[in-house]
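Fold and geometry: a report
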Amino acid sequence: MKPKVFISRPIPPEVEHYLAEHCEIRKWEGDEPITRAQLLASLSDVEGLLTADRSINQELLDHAPKLKVVSNISVGYNNFDLEAMKARGVLGTNTSAVLNDTVADLIFALMLDVARRVSELDRYVKAGKWKRGDGQNLFGLDVHHKKLGIIGMGEIGEAVAHRGQFGFGMQVLYHNRSRKPEAEARLGAVYCTLDELLKEADFIVLITPLTPETRKLIGAREFALMKPTAVFVNASRGATVDEQALTAALQNRQIYGAGLDVFEKEPIDPDHPLLKLPNVVTLPHIGSATDQTRRQMAMRAAENLVAALEGRTPPSLVKELRPDAPDQNSNR
């Protein structure tokens, strides 16, 4: 008998076909996103759940007594209550590696946009403001041969570093929970304390996972350490930054500008002061949003799900839920 799985969001037909070969599938058929109540009511006899950002907590686990694995169509997994899942023996997977290059491309797009004021000057031209004699009011910043600071040197961080080093001749600085000697050798990256990076880098990219330790990692103190010509890019999670402090730093020209793909509340409130500032580029959380990458992510999530249900180690099992992972409380 095939294991039962529930799919809480639309997936490409080829991914659904692959799952159907291995599992008895049920899926959400509604036009609107599934509600929490509808999701909980769908889990009483399923062994696998394919989702993206739904909270996997004790409440959900109580409604899913047979659940063995939750497969995220996402590289992030801050929606997982890791302690509750580990206590129940429920595996959790993500889609690491599949989206690294796509997200790194977007990060560089944000860096270039803010530095050369692409979106701002596009609006300037379309508003009919461009005139002969425009001079320094159109100037931006160079990106090439500047210092690139990466906070969170995971796979995406390394892809950003590769672009900076080999595409733009940038000196790469990085801060991470642990040093990466191989990345240092391959990319010429220099390990720094967080404060050293903030003081030295011309472009600062935040690409850490959201954890209790990284929540509001960058706030007023950190912005005060940055150069007045610094460009800050957040492609991690919105809650890693104190948005009030970021708004003040941009309003006061404490930093040059910011490129943001993520926010504390998504979608962001249309009246949020960040949306009124000319020196910030705001995107609707599109880091991995290309058709090819999203299809690859969905297939990787399906492969993770099937592997777990067949008793194999999933390709992208999150590290905290591996059999040899330390107890969550031991790291606090």
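Calculation rules
- Residues numbered from 1 in each chain as written.
- Predicted model: local features only at pLDDT ≥ 70, side-chain atom pairs only at ≥ 80, totals over all residues.
- Heavy atoms only, no water.
- Buried < 20%, exposed > 50% of the residue type's maximum accessible area, 1.4 Å probe, protein only.
- Helix = DSSP H or I, 4+ residues; strand = E, 2+ residues; numbered from the N terminus.
- Pairing = 2+ DSSP bridges.
- Axes fitted to C-alpha atoms, helices over the stretch in contact; angles between N-to-C directions.
- Parallel < 35°, antiparallel > 145°, perpendicular 65-115°, else oblique.
- Contact = heavy atoms within 4.5 Å.
- Nonpolar A, V, L, I, M, F, W, Y, C, P; charged D, E, K, R; others polar.
- Core = buried A, V, L, I, M, F, W, Y, C linked by side-chain atoms within 4.5 Å.
- UniProt positions renumbered as here; feature names shortened; annotations may be inferred.

1. Structural notes on the pairing of strand E3 (residues 48–51)
Every second residue of E3 is oriented toward a common face, with Gly48 and Leu50 on one face and Leu49 and Thr51 on the other, all of them buried. As defined by bridge partners, E3 adjoins strand E4 (residues 69–72) across four bridges and the pair is classed as parallel. By the bridge assignment, Leu50 is partnered in E4 with Ser71.

2. Observations regarding the packing of helix H1 (residues 13–22) against helix H12 (residues 291–309)
When two helices pack together, their arrangement is captured by the angle between the axes and the distance separating the axes. Across the interface, H1 lies against H12 with an axial gap of 9 Å and an inter-helix angle of 10°. With respect to H12, the element H1 is oriented roughly parallel. Taken together, the residues of H12 that come into contact with H1 (itself represented by Glu14, Val15, Tyr18, Leu19 and His22) are Arg295, Ala298, Met299, Ala302, Glu303, Leu305 and Val306. Tallied by class, the residues present in the contact of H1 with H12 amount to eight nonpolar, one polar and three charged.

3. Focus on the nonpolar core
If you look at the biggest cluster of nonpolar residues, it comprises 51 residues, and the most contacted ones within it are Leu19, Ile107, Met111, Leu148, Ile150, Val160 and Phe203. Setting aside anything within four residues of it in sequence, one finds Ile107 in contact with Ile156, Val160, Val205, Ile207, Val233 and Ala235. Formed by 27 residues, the second largest nonpolar core is a distinct cluster that contains Ile151, Ile218, Val241 and Phe263.

4. Observations concerning the environment of Thr214
Mapped onto the elements of the fold, Thr214 is located in the loop between strand E9 (203–206) and helix H10 (220–225). Sequence separation of Thr214 and Val241 is 27 residues, and the distance between their C-alpha atoms is 8.6 Å. Residue contacts for Thr214: discarding those within four places in its chain leaves Thr208, Pro209, Ala239 and Thr240.

5. Here's the deal with the pairing of strand E1 (residues 4–7)
Neither face of E1 is open: one carries Lys4 and Phe6, the other Val5 and Ile7, and all of them are buried. Bridging between E1 and strand E2 (residues 24–27) involves four bridges; their strand directions are parallel. The residue of E2 that forms the bridge with Phe6 is Arg26.

6. Some thoughts on the UniProt feature "domain: D-isomer specific 2-hydroxyacid dehydrogenase catalytic" (unreviewed entry) in the chain
Feature annotation in UniProt places "domain: D-isomer specific 2-hydroxyacid dehydrogenase catalytic" (unreviewed entry) on residues 5–318, given in this structure's numbering. Helix and strand shares over residues 5–318 are 37% and 14% respectively, and the end C-alpha atoms of the span are 20 Å apart.

7. Details of the sheet that holds strand E8 (residues 190–191)
Across a sheet, paired strands are connected by hydrogen bonds in the backbone, their directions being either parallel or antiparallel. Strand order in the open sheet formed by seven strands is E8-E7-E6-E9-E10-E11-E12, and the pairing between neighbours is parallel. Each end of this open sheet is capped by a strand with a single partner; those strands are E8 and strand E12 (280–282). Summarising the sheet, E9 and strand E10 (residues 231–234) pair through four bridges and their orientation is parallel. Bridging across to E10, Phe203 finds its partner in Val231.

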